[in-house]
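Observations on the model geometry
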Amino acid sequence: MHVTKYLLEESQLPRRWYNIRADMPNPPQPVLHPGTGQPVGPDDLAPLFPMELILQEVSEEPEVAIPDEVLEIYRLWRPTPLYRARRLEQAAGTRSRIFYKYEGVSPPGSHKPNTAVAQAFYNQREGRTRLATETGAGQWGSALAFACQLLGLECKVYMVRISYDQKPFRRSLIQAWGATIVPSPSEDTESGRAMLAESPDSPGSLGMAISEAVEDAAGREDTAYSLGSVLNHVLLHQTVIGQEALAQMELAGAFPDVVVGCVGGGSNFAGLAFPFLREKIAGRDIDVLACEPSACPTLTRGLFAYDFGDTSKLTPLVAMHTLGHDFVPQPIHAGGLRYHGVAPLISQLVRDGLIRADAYAQNDIFASAVLFARSEGIIPAPESAHAIHGALESARAADEAGEERTILFNLSGHGHFDMAAYDNYFAGKLVDVALDEEEIQRALRAIDGLPVPA
Ligand SMILES: Cc1ncc(COP(=O)(O)O)c(C=O)c1O
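For clarity, every value in this text was computed on a predicted model and none was experimentally measured. (Residues numbered from 1 in each chain as written. Predicted model: local features only at pLDDT ≥ 70, side-chain atom pairs only at ≥ 80, totals over all residues. Heavy atoms only, no water.)

With that out of the way, let us pick up the layout of surface pockets. To locate leftover empty space, one rolls a probe as large as a water molecule over the atoms. In this model, the largest pocket occupies a volume close to 590 Å³. Around the largest pocket sit 32 residues that line it, and V31, L45, E57, L231 and V318 are the ones nearest its centre. Element by element, the count of residues in the lining of the largest pocket is highest for helix α2 (residues 51-58), at 4 residues. Along the lines of polarity and charge, the residues of the lining of the largest pocket split into 23 nonpolar, 6 polar and 3 charged. (1 Å grid on protein atoms, 1.4 Å probe; cavity = no way out; pocket = protein on both sides within 12 Å on 5 of 7 lines; lining within 4 Å. Points joined across faces, edges and corners; volume = space filled by probe spheres on them. Helix = DSSP H or I, 4+ residues; strand = E, 2+ residues; numbered from the N terminus. Nonpolar A, V, L, I, M, F, W, Y, C, P; charged D, E, K, R; others polar.)

For the pair helix α9 (residues 190-198) and helix α10 (residues 206-218), interaxial distance at closest approach is 8 Å and the crossing angle is 145 degrees. Residue-level contacts link E190, S191, G192 and M195 of α9 to M208, S211, E212 and E215 of α10. Of the residues contributing to the contact of α9 with α10, the split by class is 2 nonpolar, 3 polar and 3 charged. (Axes fitted to C-alpha atoms, helices over the stretch in contact; angles between N-to-C directions. Contact = heavy atoms within 4.5 Å.)

Another aspect to go through is the site of the ligand. In the vicinity of the ligand, 18 residues are found, and the nearest of them are S229, G264, G266, S267 and S412. Within the side chain of S229, a nitrogen or oxygen atom sits 2.5 Å from an oxygen atom of the ligand. The contact in question runs from an oxygen atom of the ligand to an N or O atom on the side chain of N268, over 2.7 Å. Across the complex, the protein chains shield 97% of the 390 Å² of accessible surface that the ligand would expose by itself. The cavity that encloses the ligand is the largest cavity. Looking at the shell around the ligand, its residues break down into 4 nonpolar, 12 polar and 2 charged. (Near = heavy atom within 4 Å. Polar contact = N/O pair within 3.5 Å; in protein donor to acceptor, adjacent residues only side chain to side chain. Areas by Shrake-Rupley, 256 points an atom, 1.4 Å probe, with all protein chains shown as cover. Sits in = over half its atoms within 2 Å of the grid points.)

It is worth spelling out the packing of aromatic side chains at this point. Ring pairs (aromatic) are described by centroid distance and by the angle formed between their planes. Scanning the model with the defined rule gives 15 aromatic pairs in all. Geometrically, the ring pair formed by F366 and Y422 is edge-to-face, given 5.2 Å between the ring centres and 85 degrees between the ring planes. Of this pair, F366 sits in helix α16 (residues 362-376) while Y422 sits in helix α18 (residues 419-426), placing them 56 residues apart in sequence. Judged by its relative accessible area of 1%, F366 is buried. The class of Y422 is buried, set by a relative accessible area of 2%. Positioned over the ring face of Y164 is R171, at 4.0 Å from the centre of the ring. Lying over the aromatic face of F255, R284 brings its terminal NZ or CZ to 3.6 Å of the ring centre. (Phe/Tyr/Trp six-rings, centres within 6.5 Å; stacked < 30°, edge-to-face > 60°. Buried < 20%, exposed > 50% of the residue type's maximum accessible area, 1.4 Å probe, protein only. Lys NZ or Arg CZ within 6 Å of the ring centre and 35° of its normal.)

Judged by nonpolar contacts, the single largest core of 56 residues is most densely connected at Y225, F274, L277, I346 and I355. Contributing elements (two or more residues each) for this core: β7 (154-160), α10, α11 (232-238), α12 (240-251), α13 (267-281), β11 (287-293) and α15 (344-351). Take this core: its biggest share by element is 7 residues, from α13. When neighbours within four sequence positions are excluded, I346 is seen to be in contact with L235, G266, F269, A270, F274, L299 and I355. By size, the runner-up hydrophobic cluster in this structure holds 38 residues, among which are L13, W77, W140 and A147. (Core = buried A, V, L, I, M, F, W, Y, C linked by side-chain atoms within 4.5 Å.)

Within the open sheet, the 4 strands sit side by side as β8-β7-β6-β9. Their pairing is parallel. A single partner strand is all that each edge strand has here, and the edge strands are β8 (180-184) and β9 (223-225). Recorded for the sheet is a direction-independent mean angle of 25 degrees between the axes of neighbouring strands. Taken together, the 3 bridges between strand β6 (residues 130-135) and β9 define a ladder with parallel strand orientation. From the neighbouring strand, L131 faces β9, where its bridge partner is A224. Across the sheet, α10 touches β6, β7, β8 and β9, and the angle it forms with β6 is around 170 degrees. (Pairing = 2+ DSSP bridges.)

This brings us to the side chain of K167. With respect to the helices and strands, the residue K167 is situated in the loop between α7 (161-166) and α8 (168-176). For K167, a relative accessible area of 4% gives the class buried. Side-chain polar atoms of K167 contact the side chain of D418, separated by 2.6 Å. When neighbours within four sequence positions are excluded, K167 is seen to be in contact with A137, M159, H333, F417 and D418.

Here we take up the sheet that holds strand β10 (residues 258-262). Sheet strands pair via backbone hydrogen bonds, and the direction of the pair is either parallel or antiparallel. Read across the sheet, 7 strands follow the order β1-β4-β5-β15-β10-β11-β14 without closing on themselves; strand pairing throughout is mixed. Two strands lie at the open edges of the sheet, namely β1 (5-6) and β14 (356-360), each paired on one side alone. Inspection of the sheet shows β1 paired to strand β4 (residues 82-84) by 2 bridges, in the antiparallel sense. Bridge assignment links K5 to a residue of β4, and that residue is Y83.

Have a look at this one:
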């Protein structure tokens, strides 16, 4: 009998998060204060984040203990299953073995609560009573609303307008978990009002919504800011995914030749890939593939440069792959992948050749999503469909080379709230955005004059 799912006991939940900084051949560049150009210190970040998260942000310890209170909440859905995608292998006609880790079993339906719960916990322990955040597709907003509800915090979510209009049920979910939500740009902040004055019909972007949430948190003593991706501590919290997957691949008697994830800010990709990159840095041969949309090709066509994390230039400067902080991606359906930057840890690892990146058009990723849904049953989130497509492309390349590879990808969430996107795909209405070089060069002018990475 074939085994389909590899499951761990609750007692096998990882007790520590893995910090890749300790093993990186080259450390990430320092985060800079935009006013002084000097590295930011813990005190600069204290108005926005609790001290424990600031310390995790700069920690060089290889492992960080997961608090018992966080583990207790993780147990509501973790450990998550790892599947062997036999039916997908058959449908694709590949000789390679495909495995996937499924994060859609969490209550909000994605990997996002792995960090939302940790962030809400540290904020509550240090006396904050309210969190402000942005959300693209609504996955992060719903995860933070869920975490705040469980830990007794208030939560305000600035949701990118295009998603607010396209995904009314993610909105409802956020409200069901007790958070307050407004479309961004909104009238609730100075930066929102300025953006509306300039562009009243703006579809919004993650960069704009971040500006609003940061301004909200900076202006109130009781409120901290919470980010669902990009930052080191967020990627750290996600490493429970890859640690579980390592144990589950061992149960399957296999080890991946290829590890694949989709990249918006980079957190689900890092969550799966970093524990495997630890093995790669120690000498194992693994192809680690980051998949992004061709409409927002940060890793494949962006520059490695210092840039702001948001549109209104309120955040510190970070060295990362970027398309420029005022780049507004086309409104593709993978809302969570519409971000101009990517995590500095991932950018550095791409720069060092430890991770490679590829970009895909939305009709192609939906074709792969539908093939997956019709073989494995699960309806994937459009973001996660990029990873499915990357895995299938890797399998195709292996077949062409006459090789059999073991491929592992992260299915970061389900797409139950993305059915309008599927409707558009079936109706032949999805447009593949061809982003011309001129637009990229225009947007990159926004970083002229900023410090240059070493
Ligand atoms: C299901 C899903 N996958 C992936 C992402 C992209 O974010 P990240 O790159 O931080 O994993 C999102 C973001 O909203 C998401 O909802």
